[in-house]
There are 4 protein chains.
Amino acid sequence: MIKVGIIGATGYAGAEIARILLGHPDAEVVWYGSRSYIDQEFSSVYGNFFNIVDDKCLDDNMEELADKVDVIFTATPQGLCASLVNESILGKVKIIDLSADFRLKDVAVYEKWYKIEHKAPQFIEEAVYGLCEINRDKIKKARLVANPGCYTTCSILTAYPLIKEGLIDPDTLIVDALSGVTGAGRGAKVANLYCEVNESCKPYGVANHRHTPEIEEQLGYAAGKEMVINFTPHLVPMNRGILATEYASLVKKDGKLPTAEEISKAYEKYYGNETFIRILKDGIYPETRWVQGSNFVDIGFKIDERTGRIIMMGAIDNLVKGAAGQAVQNMNILFGLDETAGLKLVPRCF
Amino acid sequence: MIKVGIIGATGYAGAEIARILLGHPDAEVVWYGSRSYIDQEFSSVYGNFFNIVDDKCLDDNMEELADKVDVIFTATPQGLCASLVNESILGKVKIIDLSADFRLKDVAVYEKWYKIEHKAPQFIEEAVYGLCEINRDKIKKARLVANPGCYTTCSILTAYPLIKEGLIDPDTLIVDALSGVTGAGRGAKVANLYCEVNESCKPYGVANHRHTPEIEEQLGYAAGKEMVINFTPHLVPMNRGILATEYASLVKKDGKLPTAEEISKAYEKYYGNETFIRILKDGIYPETRWVQGSNFVDIGFKIDERTGRIIMMGAIDNLVKGAAGQAVQNMNILFGLDETAGLKLVPRCF
Amino acid sequence: MIKVGIIGATGYAGAEIARILLGHPDAEVVWYGSRSYIDQEFSSVYGNFFNIVDDKCLDDNMEELADKVDVIFTATPQGLCASLVNESILGKVKIIDLSADFRLKDVAVYEKWYKIEHKAPQFIEEAVYGLCEINRDKIKKARLVANPGCYTTCSILTAYPLIKEGLIDPDTLIVDALSGVTGAGRGAKVANLYCEVNESCKPYGVANHRHTPEIEEQLGYAAGKEMVINFTPHLVPMNRGILATEYASLVKKDGKLPTAEEISKAYEKYYGNETFIRILKDGIYPETRWVQGSNFVDIGFKIDERTGRIIMMGAIDNLVKGAAGQAVQNMNILFGLDETAGLKLVPRCF
Amino acid sequence: MIKVGIIGATGYAGAEIARILLGHPDAEVVWYGSRSYIDQEFSSVYGNFFNIVDDKCLDDNMEELADKVDVIFTATPQGLCASLVNESILGKVKIIDLSADFRLKDVAVYEKWYKIEHKAPQFIEEAVYGLCEINRDKIKKARLVANPGCYTTCSILTAYPLIKEGLIDPDTLIVDALSGVTGAGRGAKVANLYCEVNESCKPYGVANHRHTPEIEEQLGYAAGKEMVINFTPHLVPMNRGILATEYASLVKKDGKLPTAEEISKAYEKYYGNETFIRILKDGIYPETRWVQGSNFVDIGFKIDERTGRIIMMGAIDNLVKGAAGQAVQNMNILFGLDETAGLKLVPRCF
């Protein structure tokens, strides 16, 4: 049984890790870390765990934790993981960091977009970007996994095969995305109150959202060159889900646009054997409810012959494939388990 | 492996049975019956099942079905099950009926409240009311289980121990209940459109909702006498969940009201060993989100010394413990399986 | 033109006063008081007022304010109005207090339920309880109006005529009520975050909500005796609206229950000429959306011959008739204006 | 007093016209046409109008209606207005058609996108496209006004000045839009049931939504050339509101991108005197709640120096500026009234 510690267990992503691991055959949470609720019962924060989890919340002492568990999930704000991690800890446990601390390879880019100093730049090089379907082999050998952002997971996977295969022009990529409100976290802010969010939608972080460089870096690897994109997130009134609608100009061959069949083939080539990526049938577009509560990524597309562009659409549950589910998937890979262990979650569409 | 057929698989309760059974170790659905979608893929109706369920929808031929499966769930409108069932079918398969056809023992009461003629009154006597925690022993031997209504499951279980123990006066019981909109079914009615339901709540079926006689009959058995209650359901803008707030006058002993401890003891006596009933701690009241997606019933209470009344509060997920989950629980009992098989669903509170 | 000052203009009730008064022919807001946003534009807090209100927020200096305006609305937490008001201020301006400070006539009851010391008990006696339809004449002459609570406005008006006429037994009254989330205010609390409230409902303040003594006091005047009731509020996921479902035993005359006609007559007697109270037709029950954004109170009822009880149902918009609208109605009465001035708001049901 | 007839009064747009005109000083509805509810009280369909509107619903006899009213609003599905209108009717009354029948100048384009035969192509030429801020002068003299679509109103107005001034490249325009569910109408379809829409969002009509040619035609006039764009609508779980996020490459002058100041100036030039268009301050982006219930269009923008694109964002209430409000604004223009009469609706953000 793999022993798991969660730092940040009472945030939405942390609590989702706890929920998922309750159904995992080979792992169990033994440390519910939550600085704000130390010594309080975890189930007093989340009543759904009443009679299921009896543990009390503990602090975020990573040194102590490293001696007690096999893997640590850090589901905390940017900067915390980098401030705690060290060689001694990494010698003892695997770390799966759900924050952005180790996602970007260029520390200057990190510091520019996140506006904080990086406290452990020496580990950036070895950290593996945990986008499972793309980096599976590297993840197997990692000590430190940088779990991708929610928007980024969805945005990258939706466009990846077409960029990799040169079917779309990377310079034209525009990602317009919608997110449910759990994405904003559990902090007590007026902007996230029920009556401020309900019955409205809004763009935010326009042209400067922090997931932008992460998408650019990863898709840039696929493109084989630096990419600069537009990414616009929107908040919509629902608990969960991300929907990315992505636009790009198709690359003509011999004066002709690629056909729908060619596009499908490209998706099939990269994702045909992937359990968690579902390529939707022709004319079917993703809806966030179809993936709700599950680790699936649903992808559909439409070629617009009139404009020569393709519209790619992807949906995930931001807390599962966009956070806790992918983190567990990374754990499964790290420990050589069946990659789907604990993740055969049937989406619940209502 | 128990072979399962669902009649009405594309309704909300039917689809929920399908979802739950995908996680059941000993049962599998082999017949997705849906008159409206015959020959269409089940996953074309509910995209969440894409790549998970490949079956097409079949008709509702119960005779044919009886030869192919071990148990039939009828998740259909009132009257259908009674019109299809017969001795030959009951000789071959177990039937768990999610409609009201076999819930009421008095056919006249059924016909008065449901305003339809009962087509199979000869089976009413033998049908067992499938409220698992109360009728477990009778269910074991049944051929035909009448799965309780959603409001009734919640309303009965919340008050049962206190009535059984004579702690409250049955004549004073008032049940005020709230339901999510899945309770209204998937029929295409203007009243259930998003914009008609969203941002509003309303009472309905006031003093004549059909779950009233069902609550009265079952609680009447506990009281040892006929009961007449007030039951007022309300529609609230959420997908799932039932919350029952119940009022009754406490019965004084030697001029004194029962204490909170005595009330707790009564709940403990009947539910102390029940996996799916959670008696909340003192001062904690149920929230529907704490049980969402699970088979739990959460119960809390408050004694009001000023009025001499007790306020009992219970919450369930109307589609799980209030329909599909309890139906599976009944199946488990009927087939001698672990009663919780497939039902260790962790509630998802956001 | 009546000059208006609002203390607490950036709370939900305060902002609603501002919205309503923009359509008032004889009044204008000249002081948007908001301690948290001093010197910031009011429209930077509520973008809906952009290009409509150009004012900046001011502090809550009631002395200064009293020299500048004709009427002050205090839309602030309990205790503030009582701590600011004095004889000199009351000599200059009318005060309409939306907090509970002057609603209860017995200071001991206030201090017991609100758990704070009352700072200006000397004004309790003269303060008029501003339930317009009941206390209109007294309000006309008042200097200090205690604007009723949201739950109380709805609960009292729904039952008042039947208690006044002796048609129901006051000792049996139970009020079960639902509220939208604006009722919880705009404070940054985790419990009111979108994802904590959405897709759930819950009871709270069971048997000890502070609106209880207010309902009891006012209905007690109608009953001609002290009343003790049960009142259970619930939070439901919508922005606005209160729905009160009230139960009471009907009083038999000559062994007979009152008829629906007699009940209707009683409502007609008290409310027949009231613009803002709508007695619904037989068989129609209130829905909060029918009153949304308006000053209406919708009332329906159902006699249950089986139990001898009546179910009374009332709906209001908690921010309008339950707060800002009634406050403006009180202002209209105080200043001898048409009582409906600025309040001919057509409800917006979607 | 202008006499108004509404054909399709019980649809969401029709009911919204009714609501708005109740506050109009110079117009009154005398004919509530609704084929589905003939002889039923209008307020039995929409309880919010109880005690406010006493009329019963009438049929859609346009000939008869033309003799009784000064202006007819047709808030009906495509094809109906074209099938009813004729020279005799247009000789007697003004018609403001909220359907698409007279929006497109090329009947072939209409028939291709709407897939129905146009029954009155002879009136297409004279019909005026009722986008008030752009076509005000033409509207004044019209007999037949084609009221713009909801998505189109928002999409066009958001980009218009920048295209007109040559600041953006028309060939690069991409419109990604979100809509509340009232946009889907009041038809009883499973897809629009509460539980199918709630807690999800989805794209639809990708690359073939019918508002596409309407946007292209109108913006093409501004560009001075034919335009082909991408337009992707999404359904989000809220009653009202449209948010359009639009992307286009900025046109460099002397190798330099336009500055934010230049963009602001362009908006100012076209909308500086417009009551209903609000150019948001730098760094402020529209939220649908800020315009809810009002006739406002809120517009913000952000230049992305990295990509050379501009992100333009516009928000409207789809039922007001996107339908009923603009229709009333057109009526005001047609009859020489103050253009804002009845439309000084303060948005209600919660």
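All figures in this text were calculated on a predicted structure; none of them were measured in a lab.

Chemist: Mind laying out the interface of chain B and chain D, listing which residues take part and the relevant values?
Modeler: Taken together, the contact between chain B and chain D spans 19 residues of the former and 19 residues of the latter. Between chain B and chain D, roughly 1700 Å² of surface is buried when both sides are summed, and carbon and sulfur atoms account for 58% of that area. On the chain B side of the contact with chain D, L193(B), Y194(B) and C195(B) bury the most area, a combined 40% of that side's loss. Counting the contacts that link chain B with chain D gives two salt bridges.

Chemist: Can you explain the relation of the copies chain B and chain D? Please cite residues and give values.
Modeler: For the pair chain B and chain D, the superposition axis carries a translation of 0.0 Å, the fit reaches an RMSD of 0.0 Å, and the rotation angle comes to 180°. Here the symmetry operator amounts to a two-fold rotation axis. Mapped onto chain D, 100% of the interface residues of chain B again fall at the interface, so both copies present the same surface.

Chemist: Please give an account of helix 6 (residues 107-114) of chain D that cites residues and values.
Modeler: One turn of the α-helix equals 3.6 residues, which is why residues spaced by three or four share an orientation. Residue and element names in this part refer to chain D. The complete set of buried residues in helix 6 reads Y110, W113 and Y114. Around the axis of helix 6, the buried residues are gathered within 85° of arc, so they sit on the same side. One or two steps after helix 6, the chain reaches K115, where phi turns positive at roughly 60°.

Chemist: Can you tell me about helix 8 (residues 150-164) of chain B, naming the residues and giving the values?
Modeler: All names here are of chain B. For helix 8, spanning 15 residues, the distance from its first C-alpha to its last is 21 Å, which sits close to the expected 21 Å at 1.5 Å a residue. Along its length, helix 8 reaches its greatest deviation from straightness, about 30°, at T158, and the proline P161 lies no more than four positions downstream. The element helix 8 is largely enclosed, with a buried count of 14 among its 15 residues. Note on helix 8: the residue one or two positions beyond its end, G166, has a positive phi of about 70°.

Chemist: How would you explain the packing of aromatic side chains if you had to name every residue and give the values?
Modeler: Under the counting rule described, the total for this entry stands at 46 aromatic pairs over all chains. Ring centres of Y194(B) and Y194(D) lie 5.3 Å apart, and the angle between their planes is 10°; this geometry places the pair in the stacked category. Of this pair, Y194(B) sits in helix 9 (residues 194-197) while Y194(D) sits in helix 9 (residues 194-197), placing the two residues on different chains. Neither residue differs from the other here; Y194(B) and Y194(D) are each classed as buried. Relative to F296(C), the ring of F276(C) has its centre 6.4 Å away and its plane inclined at 65°; by these criteria the two rings are edge-to-face. Placement of the pair is F276(C) in the loop between helix 11 (260-271) and strand 11 (277-279) and F296(C) in the loop between helix 12 (288-291) and strand 12 (297-304), with a sequence separation of 20 residues. Looking at R289(A), its charged tip hangs above the ring of W290(A), at a distance of 4.1 Å from the centre.

Chemist: Explain unusual backbone geometry to me, and be specific about the residues and the numbers.
Modeler: Residues and elements named next belong to chain A. A positive phi angle, near 60°, is found at E199, a position not held by glycine. Along the chain, E199 falls in the loop between helix 9 (194-197) and strand 8 (202-203). We classify E199 as buried; its relative accessible area is 5%.

Chemist: Could you give an account of empty space enclosed by the protein, with specific residues and numbers?
Modeler: Inspection of every chain in the model, using the stated rule, returns twelve cavities of 30 Å³ or more. Empty space within the largest cavity amounts to approximately 120 Å³. What lines the largest cavity is a set of 14 residues, among which Q292(A), R348(A), Q292(B), R348(B) and E199(D) lie closest to the centre. Residue classes in the lining of the largest cavity are distributed as four nonpolar, five polar and five charged. The calculated volume of the second largest cavity comes to roughly 90 Å³. The wall of the second largest cavity is formed by 13 residues, among which E199(B), Q292(C), R348(C), Q292(D) and R348(D) lie closest to the centre. In terms of residue class, the lining of the second largest cavity is built from three nonpolar, four polar and six charged.

About the thresholds
- Residues numbered from 1 in each chain as written.
- Chains lettered and ligands numbered in written order.
- Predicted model: local features only at pLDDT ≥ 70, side-chain atom pairs only at ≥ 80, totals over all residues.
- Heavy atoms only, no water.
- Contact = heavy atoms within 4.5 Å.
- Buried area = accessible area lost by both parts, 1.4 Å probe.
- Salt bridge = Lys/Arg side-chain N within 4 Å of Asp/Glu carboxyl O.
- Least-squares fit on C-alpha atoms with pLDDT ≥ 70 in both.
- Buried < 20%, exposed > 50% of the residue type's maximum accessible area, 1.4 Å probe, protein only.
- Helix = DSSP H or I, 4+ residues; strand = E, 2+ residues; numbered from the N terminus.
- Arc of directions from axis to C-beta.
- Expected span 1.5 Å × (residues − 1).
- Bend = angle between axes of the 7 residues up to and from the residue.
- Phe/Tyr/Trp six-rings, centres within 6.5 Å; stacked < 30°, edge-to-face > 60°.
- Lys NZ or Arg CZ within 6 Å of the ring centre and 35° of its normal.
- 1 Å grid on protein atoms, 1.4 Å probe; cavity = no way out; pocket = protein on both sides within 12 Å on 5 of 7 lines; lining within 4 Å.
- Points joined across faces, edges and corners; volume = space filled by probe spheres on them.
- Nonpolar A, V, L, I, M, F, W, Y, C, P; charged D, E, K, R; others polar.

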